[in-house]
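# Residue-level structural notes
Listed below, chain by chain, are the residues.
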There are 2 protein chains.
Amino acid sequence: MNGATVRSRTPLTEALRDIQAPVRERLELVVTEMQAIVSSELPMIESVSGHLLQMRGKMFRPTLGLLASEIEGAPEARAITVAAVIELMHLASLVHDDSVDHSVLRRGLPTVNSLFSHQVSVIMGDFLYARALSALVALGDLELLRIVTRVSGELTMGEMQQLAAVDTLSFTEQGYYDLIRAKTASLLSAACETGALCGGARHSEALRLYGERLGMAFQIADDILDYTEDSTTTGKPSGLDLKEHKVTLPLIAVLPSLRVAQREQVERLFATESPDDQQVADVVAIVTDAGGIDVARRRGEQFAQEAEEALDGIPDGPARAALADAIAYVMERRW
Amino acid sequence: MNGATVRSRTPLTEALRDIQAPVRERLELVVTEMQAIVSSELPMIESVSGHLLQMRGKMFRPTLGLLASEIEGAPEARAITVAAVIELMHLASLVHDDSVDHSVLRRGLPTVNSLFSHQVSVIMGDFLYARALSALVALGDLELLRIVTRVSGELTMGEMQQLAAVDTLSFTEQGYYDLIRAKTASLLSAACETGALCGGARHSEALRLYGERLGMAFQIADDILDYTEDSTTTGKPSGLDLKEHKVTLPLIAVLPSLRVAQREQVERLFATESPDDQQVADVVAIVTDAGGIDVARRRGEQFAQEAEEALDGIPDGPARAALADAIAYVMERRW
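Please read all numbers here as calculations on a predicted model, not as lab measurements.

### Some remarks on the overall build of chain A
Across its full length, chain A holds 17 helices and two strands. Based on the C-alpha atoms only, the size of chain A along its principal axes is roughly 60 × 45 × 35 Å. Taken across its 335 residues, chain A has 50% of its residues classed as buried. Residue pairs in contact within chain A that sit at least 24 positions apart in sequence constitute 76% of those at least 6 positions apart.

### Things to note about unusual backbone geometry
Even without a glycine there, the phi angle at Met59(A) is positive, about 55°. With respect to the helices, strands and loops of the structure, Met59(A) is situated in the loop between α3 (43–54) and α4 (60–69). For Met59(A), a count of 22 C-beta atoms within 10 Å translates into the label buried. Positioned with a positive phi, His245(B) is a non-glycine residue whose angle comes to about 60°.

### Quick notes on the interface of chain B and chain A
Of the residues lining the interface, 32 residues belong to chain B; the matching set on chain A comes to 32 residues. Looking at the side of chain B that touches chain A, the elements with two or more residues in it are α3 (43–54), α5 (79–101), α7 (118–139) and α8 (142–164) of chain B. Ranked by residues supplied to the side of chain B that touches chain A, first place goes to α8(B) with 14 residues. Split into classes, the residues belonging to the side of chain B that touches chain A amount to 17 nonpolar, 10 polar and five charged.

### A word on the confidence of the model for chain A
Residue and element names in this part refer to chain A. Summary statistics for chain A give a mean pLDDT of 89 and a share of 93% for residues scoring 70 or more. Across chain A, the element-wise mean pLDDT spans from 53 in helix α11 (residues 231–234) up to 98 in α4. Note that pLDDT drops below 50 for residues 1–10; the model gives that stretch 10 contacts with residues more than four away or on any other chain. Below a pLDDT of 50 lies the segment residues 233–237, which in the model reaches 12 contacts outside its immediate sequence neighbourhood of four places, other chains included. Model confidence for the complex: the whole-complex pTM is 0.91, and ipTM, which rates the interface, is 0.89.

### Structural notes on the relation of the copies chain B and chain A
Of the two same-sequence chains, chain B is brought onto chain A (RMSD 0.0 Å, axial shift 0.0 Å) by a rotation of 180°. Look at the turn and shift together and you get a two-fold axis relating the two. In terms of proximity to the rotation axis, the leading residue of chain B is Val122(B), whose C-alpha is 3.4 Å off the axis. Most of the interface of chain B is mirrored in chain A, where 100% of its interface residues are also at the interface.

### Focus on helix α2 (residues 24–38) of chain A
Residues and elements named next belong to chain A. Taking 1.5 Å per residue as the helical rise, α2 with its 15 residues ought to reach 21 Å, and the 22 Å between its terminal C-alpha atoms agrees with that figure. For α2, the full list of buried residues reads Arg26, Val30, Glu33, Met34, Ile37 and Val38. Seen from one end, α2 has its buried residues packed into an arc of 115°, which puts them on one side. Opposite the buried face of α2, by more than 90 degrees, sit the exposed residues Arg24, Glu25, Glu28, Thr32 and Ala36. Of the surrounding secondary structure, the elements contacted by the buried residues of α2 are α3, α4, α5 (79–101) and α7 (118–139).

### Digging into the nonpolar core
One finds Leu88(A), Ala132(A), Leu88(B) and Ala132(B) to be the most contacted residues of the largest nonpolar core, which totals 211 residues. For Leu88(A), the residues in contact, after removing those within four places along its chain, are Met34(A), Ile37(A), Val38(A), Leu128(A), Arg131(A) and Ala132(A).

### Details of the packing of α7(A) against α8(B)
A packed helix pair is summarised by two numbers, namely the angle formed by the two axes and the spacing between the axes. The contact between α7(A) and α8(B) brings their axes to 9 Å, and the two run at 155°. On the basis of the axis angle, α7(A) is roughly antiparallel to α8(B). Between α7(A) and α8(B) lies a crossing of left-handed hand. Residues Gln119(A), Val120(A), Ile123(A), Asp126(A), Phe127(A), Ala130(A), Arg131(A), Leu133(A), Ser134(A) and Val137(A) of α7(A) lie in contact with α8(B), whose contacting residues are Leu142(B), Leu145(B), Arg146(B), Thr149(B), Arg150(B), Ser152(B), Gly153(B), Thr156(B), Glu159(B), Met160(B) and Leu163(B). Of the residues belonging to the contact of α7(A) with α8(B), the class tally is 10 nonpolar, six polar and five charged.

### Topic: the environment of Gln305(B)
Structurally, Gln305(B) is set in helix α16 (residues 292–310). Note on Gln305(B): 13 C-beta atoms within 10 Å, which makes it partly exposed.

### Considering the environment of Val104(A)
Residue and element names in this part refer to chain A. Structurally, the position occupied by Val104 is in the loop between α5 and β1 (105–106). Distance from Val104 to Arg320, taken between C-alpha atoms, is 37 Å for residues 216 residues apart in sequence. In contact with Val104, not counting residues within four places along its chain, are Pro110, Thr111 and Ser114.

### Digging into the environment of Ala201(B)
Summarising the element assignment, Ala201(B) is placed in the loop between α9 (173–196) and α10 (204–228). Sequence separation between Ala201(B) and Pro275(B) is 74 residues; the distance between their C-alpha atoms is 49 Å.

### A word on the packing of α8(B) against α9(B)
All names here are of chain B. Relative to each other, α8 and α9 sit at 165°, their axes nearing to 7 Å. If you check the angle between α8 and α9, you find them roughly antiparallel. Crossing of α8 against α9: the hand is left-handed. Where α8 approaches α9, its residues Leu144, Ile147, Val148, Val151, Glu154, Leu155, Met157, Gly158, Glu159, Gln161 and Gln162 are matched on the opposing element by Leu179, Ala182, Lys183, Ser186, Leu187, Ala190, Glu193 and Thr194.

Definitions and cut-offs
Residues numbered from 1 in each chain as written. Chains lettered and ligands numbered in written order. Predicted model: local features only at pLDDT ≥ 70, side-chain atom pairs only at ≥ 80, totals over all residues. Helix = DSSP H or I, 4+ residues; strand = E, 2+ residues; numbered from the N terminus. Buried ≥ 20, exposed ≤ 12 C-beta atoms within 10 Å, placed from the backbone. Contact = placed C-beta atoms within 7 Å. Nonpolar A, V, L, I, M, F, W, Y, C, P; charged D, E, K, R; others polar. pLDDT = per-residue confidence, 0-100. Least-squares fit on C-alpha atoms with pLDDT ≥ 70 in both. Expected span 1.5 Å × (residues − 1). Arc of directions from axis to C-beta. Core = buried A, V, L, I, M, F, W, Y, C linked by C-beta atoms within 7 Å. Axes fitted to C-alpha atoms, helices over the stretch in contact; angles between N-to-C directions. Parallel < 35°, antiparallel > 145°, perpendicular 65-115°, else oblique. Left-handed = near helix turned anticlockwise from the far one by under 90°.

Laid out in structure tokens, this is it:
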């Protein structure tokens with residue numbers, strides 16, 4: 001754990017509560033709508049859905065979508081459904097990601113693949129996605145469908161890119177940005193853009209851009225956490241990315257400037273099928289000492305600033321203020 | 001191998017060629033369209049797509065869709081894209097099914113999960129589905145989207161139903177029909193209905209029904225084959241369903257009338273984690289001798305007849321004739 005970055009969790013939970021305040025009641029409706037969309041007579045599906053809705057986390061994407069729908073002060077009713085669809089797509093992609101990665105825990109709870117089976121998680125991801133899209137089709141808005149299906153393609157491309165990376169240590173900073181844009185920023189961006197189309201359509205491009213830059217900052221913050229925080233705060237072991245041979249920004253930033261012995265240590269970790277905790281801790285120390293965390297943080301702040309600039313033309317009000325606060329929240333979150 | 005059901009393969013291949021004759025050229029365009037829809041800059045995706053398009057089989061669903069679009073003699077150009085989307089959805093579901101079932105072969109070729117990995121097959125199925133839907137969204141027809149997304153839901157429900165079956169020997173004939181309607185008939189039905197909406201809209205309900213009944217007959221014939229044919233014709237081992245503890249119509253039909261000793265033999269197979277060839281052969285013999293194949297064949301013929309009746313109001317012409325021939329083809333196919 002990096003002492004300099006430790007903050008208590010309470011202020012962040014409060015920060016999230018503040019961000020969600022303008023949309024608190026509608027956020028509850030999103031949960032109800034999600035339940036309605038995935039309801040089924042099959043006990044197995046009900047059981048998996050129940051588990052997933054229980055581990056649904058902070059509902060960050062629906063929060064952004066609802067805020068975006070509210071920037072003109074007149075959100076449309078369908079914003080609820082759209083936000084539910086986006087969150088279900090997010091859940092569907094998490095379920096398949098966990099299955100692909102053989103992950104055991106997600107947000108401190110067992111994953112679908114570990115609690116049920118690999119089979120159930122493949123089918124359940126498909127089910128969530130199919131139902132979410134049916135609900136979106138029922139709204140009858142082709143523009144929303146265009147955004148959402150394009151993002152599905154991007155999400156899977158991101159996953160495949162990550163999986164197919166053969167020589168991960170040759171990964172460039174630009175390659176990293178392309179990857180996190182596809183696997184993370186695309187859906188946050190879609191949450192904001194589709195939300196804007198349900199009440200603030202003339203700002204949909206600005207909010208799409210805001211969501212994308214916020215998503216980049218979000219993922220960079222996440223990748224930094226993997227270097228700085230222990231499992232009690234992230235709900236997953238620190239250094240997990242390194243253990244899984246995933247190269248993220250902190251490492252990419254320092255790779256060219258490492259000394260030969262350090263570079264060799266990094267290469268040894270990537271050549272070891274299951275690196276042990278000491279190997280991981282050593283590389284974390286190398287990256288940190290070489291300034292990788294600092295560089296990554298600066299890049300994250302740059303994206304955060306671009307997200308803020310994207311809000312320039314948005315009308316003042318509680319929704320805009322909350323969207324601005326969401327940027328700070330993303331930069332400081334510890335989960 | 002059951003001698004009474006063996007027919008040479010050549011007449012069937014010719015039969016398929018005859019069925020496809022009215023749409024032969026457009027069927028080639030469907031292949032080109034499928035390639036265009038899944039094209040990607042990622043080498044891994046190109047490689048998996050190439051493998052999948054190579055094992056694409058008989059293009060039976062696109063054939064039905066194109067024929068349905070041609071019943072008024074004026075098929076719309078978009079019928080090509082719609083047929084490509086349906087076939088890609090079919091491929092996506094096969095890729096995930098094989099991953100769920102850990103299947104090694106499909107149509108005599110290695111499955112994506114065996115040739116690449118479980119991970120690749122999960123992501124690739126998602127990718128095919130996402131791209132197919134994007135292509136459909138681009139056509140801008142909400143009715144088509146409604147049909148296709150509803151079917152996606154049904155396909156996954158069928159898969160989950162099959163997976164979640166705990167006491168499979170209590171499976172009823174009605175339960176079996178519900179299952180095969182969801183997992184097979186729904187997509188053939190959608191192929192016909194969406195095809196009809198691209199050139200013969202006033203017959204879309206009749207063709208939807210035709211496709212559904214054809215699909216029921218199709219799956220029953222498939223399940224019979226598992227009892228009657230060896231691996232050289234099916235491309236997969238005979239009795240595979242029994243080995244995997246899948247209860248299909250031939251067994252369901254005879255279960256209530258089995259003698260105690262026979263019933264016990266069946267139960268032993270279902271209680272054995274990996275039944276050996278002898279156990280499977282014994283149960284195949286029990287089911288065959290008790291008349292299970294004959295009953296299943298009669299039920300299949302009933303659905304085939306209903307498919308034929310659904311064509312009653314369809315204008316005479318080469319497309320209708322080919323759709324009628326497709327029924328006989330389904331009943332006699334050996335692959």
